[in-house]
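# Architecture and fold: a report
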Amino acid sequence: MKLRVLVSTLMVCIAPLAARAADQGPKPTKAMPSPGTTGADVDLSAIDPTVNICQNFYEHACGGFIKSVALTPSRPEVSLMGQKSDDNLTAGLNKLFAIKAAPNSELQRLETFYGSCLHDSASSADLVKAWIGRIDAAKTSEDFQTLIRSLGAIGVDPFFAYSGAPDPNDLGKYRGEIDDNGLWQDPAVVERAFRLAGIPGAQAKADAEAVTAIIVELRKSRTTGDDLKAYENPTTLAKLTADAPAINWRAYFAMVGAAPLRPINATSKTYLPAVSHELTTRRPAELRAYLRWTFLFSLRGELPPPYNQAFGDITPPLRVAIDQPDKRCQDATLRGMGVEFSRQYSQRILGLRARQIATEIGASIQTEIANAVDEATWLSPAARQATADKLRKTDLKMGFPDQWPAVGHFPLRPNAFLENVLQARRYEEKRAWRRANEPRYRKNWDMMVYPWVGIGMAAARLTTPNAFPDPDTNSMIMTAAFLNAPLFDPTASTEANYGIFGAVFAHEFVHIAEEHEYDAIGRQREIWSAADIASASKQHQCVIDQADASPAPPGSHVSGAHNYSENLADLGAVRLTYKALATKLGPRLNQADTTGMTPAKRFFYRYAQYYCTAATPETLKHLVEDDPHGLPSYRVNGPLSNLPAFSDTFGCLPGAPMRRPADQICRVW
Ligand SMILES: [Zn+2]
């Protein structure tokens, strides 16, 4: 899928916390006790005082928590902050749903939608049966074309999706874009989904094999990788018809909005011809199986039992929380009525004060990072100027917007959940199609983002904790839910907020500094010369070498080259956030309270405790192999051992592992 730029930065940056929150399985009966009411302070109970700070700060700050967690096969990884964040967020959302709202008001419509999910009726199962019946009745190519459009209208998009996407040749406008639909499959899950849908065993197996074969084939022809140019394939109605003749493009464009007024781009040169080939060469039974699967998979979070049972234990970001009805229905409400949900949560629960304080913190770090670029003498003056200019002009989209996208007024019925979902999806699809011909404003919050809960407009995904740098608008979005305890709290100390919220914000900003293929207004334009790029890779080598030499779980080896981009962001983030905090607090930074805690110490503890994670050795091994981030322990000890302010704060002596010798310190940003 396209928007890989966003995926590679945001899914990996923040999603681990969100994904962990979603992946924790049943909650422990008692949450860890924490000081303060919201937990936005150092968690003293998570500390292991027997570990020396200067030897291993991660083990010191997190060891108590790690020892207290009983890991199980269904709960192989638990994060301290993920757990607390999830609990506090759920409490906030429950508070929202407990407000008595006026009839037909936005909140009341939300409550109807959410309630219809919690108290779903047999009508939803009937609706699934009716759709599967329609799919299983398809015989002719005409039937399949009609189905592709009908499924497209409810956002299932069996082979491809059409929507408005930023036009790199005209920043003030969107253009039409045709992308693949994600193409996920696992033969065992497909077969199980078919059996649960009432398909007899032998046929379910054969159908699952057909689905797998089609998806494996289609995946070969879609665009992947980092080369943005490969995603640029301008096309027209006539060219689409010639390239992929098995698709009735005329009828498709009649549905999505007349002959397109704006240019159309296909994200792959070969993908649509491959779809056309599948449509002409596969037997009708195979195509029916494929359409049935895309219907079930696309609606997995919204399906009633028994259909949803197929998706209770699949890969965590795609998994449906079937044993946590509140969570499942919150997610479904966010997907279905995201703008309404985000607005009501932001305005009634979060409020303006949190947004104002978060914006002040963000702006102070933004200034610090831009100043650091001015000092990056390894870049040419021109590259420094263009990069610093871009960072100073990055638009901070903090918490929630003042102007919200339009919302639909489609009818909603209690106890008819799937019907409500399909109404909401029809509305969203029409918005996506219409967008292709609309103007585009940098200030809007309507860019597509990819939190684990599902793709959607940024303004419609604000009740899940996340941070999204968007290179196409040169913006930085922190969601309303991220401005929530324990990650952030307007009543917490300044240093507690810098320690987590500030450091995450800064991490994303370092990614923005490194994204030299985009300029200050979001144009795809190289702002570094070849010599600058070569000089940057020399700087990166220090970060790569340090990670290569870092500890790994038994049987694995950390690849510094694989992790350098994230390690680089961590390294710059903690240094620059600390610097911004020091500017803000002045001499107060090192003044101890009656317990001996100073703001500087609290900052470092908070920074470390964001990463406190109890995990099985196999999980850690997986993280080393798959995750572009460093291990939780390395994300703490790596950057902090490169920061003299850390060893000064805790009095670490020369030779201590947390105090690298001056000539071995890495610094890029
Ligand atoms: Zn990152």
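None of the values given here were measured: they were computed from a predicted structure. Counting starts from 1 at the beginning of each chain's written sequence and moves along it residue by residue. A pLDDT threshold of at least 70 governs which residues receive local features in this predicted model, and a stricter bar of 80 or more applies before side-chain atom pairs are shown or counted, although totals over entire chains, interfaces and linings include all residues. Hydrogens and water molecules were not included; the side-chain quantities draw on all heavy atoms of the structure.

## Re the overall build of the chain
- Helix and strand content of the chain: 25 helices and 11 strands.
- Summarising its shape, the C-alpha atoms of the chain cover approximately 75 × 55 × 55 Å along the three principal directions.
- Here's how the labels work: a residue is buried when its accessible area is under 20% of the maximum for its type, exposed when over 50%, partly exposed in between, all with a 1.4 Å probe on protein chains only. Expressed as a percentage of its 669 residues, the buried residues of the chain come to 59%.
- Note on contacts: a residue pair is in contact if any heavy atoms of the two residues lie within 4.5 Å. A fraction of 74% describes how many contacts in the chain between residues 6 or more apart in sequence connect residues 24 or more apart.
- Methods summary: accessible areas were calculated by the Shrake-Rupley approach with a probe of 1.4 Å, and residue burial reflects only the protein chains presented. Carbon and sulfur atoms make up 56% of the accessible area of the chain, which amounts to about 26,100 Å² in all.
- We score Asp and Glu as negative and Lys and Arg as positive, and we do not count His or the chain ends. One atom stands in for each charge, and that atom is NZ of Lys, CZ of Arg, CG of Asp or CD of Glu. The distance from the centre of the 72 positive side-chain charges to the centre of the 72 negative ones in the chain is 3 Å. Secondary structure follows DSSP: runs of H or I at least 4 residues long count as helices, runs of E at least 2 residues long count as strands, and numbering of each begins at the N terminus.

## Comments concerning the sheet that holds strand 6 (residues 395-399)
- If you trace the 3 strands from one edge of the open sheet to the other, you get 6-10-9, paired in mixed fashion. Of all the strands in the sheet, just strand 6 and strand 9 (467-470) have a single pairing partner and so form its edges. Geometrically, the sheet is characterised by an average inter-axis angle of 10° between neighbouring strands, direction not taken into account.
- Looking at chain direction, strand 6 and strand 10 (residues 475-479) are connected through 5 bridges and run parallel. Each residue of the ladder has a partner; that of Lys 397, found in strand 10, is Ile 477. Each pair of strands is called paired provided DSSP finds at least two bridges between the two strands. Note on geometry: axes are lines fitted to C-alpha atoms, helical ones only across the stretch in contact, with angles between N-to-C directions running from 0 to 180 degrees.

## So, the environment of Ser 342
- On the secondary structure map, Ser 342 appears in helix 15 (residues 338-350).
- On a C-alpha basis, the gap between Ser 342 and Ala 460 in space is 5.9 Å, while along the polypeptide they are 118 residues apart.
- Contact partners of Ser 342, with chain neighbours within four places excluded, come to Leu 334, Trp 404, Ala 459, Ala 460, Arg 461, Leu 462 and Thr 463.

## Considering the pattern of salt bridges
- Note on definitions: salt bridges are taken to be side-chain nitrogens of Lys or Arg within 4 Å of carboxyl oxygens of Asp or Glu. Applying the stated criterion across every chain, the model contains 39 salt bridges.
- For Asp 402, the salt bridge is made with Arg 355, and the minimal N-O distance between the two is 2.9 Å. Residue Asp 402 is located in the loop between strand 6 and helix 18 (417-435), and its partner Arg 355 is located in helix 16 (residues 352-374); the two are separated by 47 residues in the primary sequence.
- The class of Arg 355 is buried, set by a relative accessible area of 16%.

## So, the side chain of Asn 642
- Tracing the chain through its elements places Asn 642 in the loop between helix 24 (632-641) and helix 25 (644-650).
- The contact partners of Asn 642, leaving out residues within four places of it in the chain, are Gln 546, Leu 571, Arg 660, Gln 664, Ile 665 and Cys 666.

## Brief notes about the sheet that holds strand 2 (residues 160-166)
- Pairing in this open sheet of 4 strands is mixed, and the strands run 2-3-5-4 from one edge to the other. Of all the strands in the sheet, the pair left with one neighbour each is strand 2 and strand 4 (234-235).
- Here helix 11 (residues 249-257) sits on the sheet in contact with strand 2, strand 3 (174-180) and strand 5 (264-266), set at roughly 50° to strand 2.

## Some remarks on the side chain of Arg 292
- Within the secondary structure, Arg 292 sits in helix 13 (residues 284-298).
- Excluding residues that lie within four positions of it along the chain, Arg 292 makes contacts with Ile 132, Ile 135, Asp 136, Phe 194, Ile 199, Gln 203 and Asp 207.

## Things to note about unusual backbone geometry
- In this model, Pro 305 is joined to Pro 306 through a cis peptide bond whose omega is 5°.
- Note that Pro 306 resides in the loop between helix 13 and helix 14 (325-336).
- Between Ala 485 and Pro 486 the backbone carries a cis peptide bond, its omega angle lying at 5°.
- Locating Pro 486 in the fold gives a position in the loop between strand 10 and helix 19 (494-514).
- A positive phi angle, close to 45°, is found at Asp 157, a residue other than glycine.
- Relative to the helices and strands, Asp 157 resides in the loop between helix 7 (141-153) and strand 2.
- The phi dihedral of Leu 183 is positive, around 55°, even though this residue is not glycine.
- For Leu 183, the position within the fold is in the loop between strand 3 and helix 8 (187-196).
- Given a relative accessible area of 3%, Leu 183 falls into the buried group.

## Details of the pairing of strand 9
- Every second residue of strand 9 is oriented toward a common face, with Ala 467 and Pro 469 on one face and Phe 468 and Asp 470 on the other, all of them buried.
- Relative to strand 10, strand 9 is paired through 4 bridges, and the arrangement is antiparallel. Residue pairing for strand 10: Ala 467 is matched across the bridge by Met 478.
- Once strand 9 ends, the chain turns through 4 residues before running back antiparallel as strand 10, passing Asn 474 with a positive phi of about 45°.

## What to know about the state of the cysteines
- Any two cysteine sulfur atoms lying within 2.5 Å of each other are counted as a disulfide. Following the criterion strictly, the structure yields 4 disulfides and no others.
- Between the sulfur atoms of Cys 54 and its disulfide partner Cys 652 the distance amounts to 2.1 Å. A torsion of -85° about the S-S bond marks the disulfide between Cys 54 and Cys 652 as left-handed. You can see Cys 54 sitting in the loop between helix 2 (15-22) and helix 3 (57-68) and its partner Cys 652 sitting in the segment after helix 25, a full 598 residues away along the chain.
- Given a relative accessible area of 10%, Cys 54 falls into the buried group.
- You can call Cys 652 buried: its relative accessible area is 2%.
- Across the disulfide from Cys 542 sits Cys 666; the S-S distance is 2.0 Å.

## Topic: helix 6 (residues 122-136)
- Here, expected helix span is obtained from the residue count minus one, scaled by 1.5 Å. Relative to the 21 Å expected for 15 residues at 1.5 Å per residue, helix 6 spans 21 Å between its end C-alpha atoms, a close match to the ideal helical length.
- For helix 6, the complete set of buried residues consists of Ser 124, Ala 125, Val 128, Trp 131, Ile 132 and Ile 135. Here the buried residues of helix 6 occupy an arc of 120° about the axis, which is enough to place them on one side. Exposed and facing more than 90 degrees away from the buried side of helix 6 are Ala 122 and Lys 129.
- Summarising the contacts, the buried residues of helix 6 are in contact with helix 7, helix 13 and helix 18. Working note: the arc is built from the helix axis to C-beta atom directions.

## Some points on the packing of helix 16 against helix 19
- Two numbers describe how helix 16 lies on helix 19: the axes approach to 10 Å, and their chain directions differ by 50°. Taken together, the axes of helix 16 and helix 19 lie oblique to each other. Considering only the axes of helix 16 and helix 19, their crossing is right-handed. The residues of helix 19 that touch helix 16, namely those facing Ala 358, Ile 361, Gly 362, Ser 364, Ile 365, Gln 366 and Ile 369, are Asn 497, Tyr 498, Phe 501, Gly 502, Phe 505, Ala 506 and Phe 509.
- Gly counts as polar in this scheme, as do all residues outside two lists: the nonpolar Ala, Val, Leu, Ile, Met, Phe, Trp, Tyr, Cys and Pro, and the charged Asp, Glu, Lys and Arg. Residue composition of the contact of helix 16 with helix 19, by class: 9 nonpolar, 5 polar and no charged. Angles are sorted into four bins: roughly parallel if under 35 degrees, roughly antiparallel if over 145, roughly perpendicular if 65 to 115, and oblique for all others. With the far helix as reference, a near helix turned anticlockwise by less than a right angle produces a left-handed crossing, and one turned clockwise produces a right-handed crossing.

## Structural notes on the nonpolar core
- Buried Ala, Val, Leu, Ile, Met, Phe, Trp, Tyr and Cys residues form a nonpolar core when they are joined through side-chain atoms within 4.5 Å. If you look at the biggest cluster of nonpolar residues, it comprises 191 residues, and the most contacted ones within it are Phe 57, Trp 249, Trp 293, Leu 296, Phe 311 and Trp 669.
- Ranked by residue count, the leading element in this core is helix 19, at 11 residues.
- Counting 6 residues, the second largest nonpolar core, distinct from the first, contains Ala 547, Val 558, Val 624 and Leu 631.

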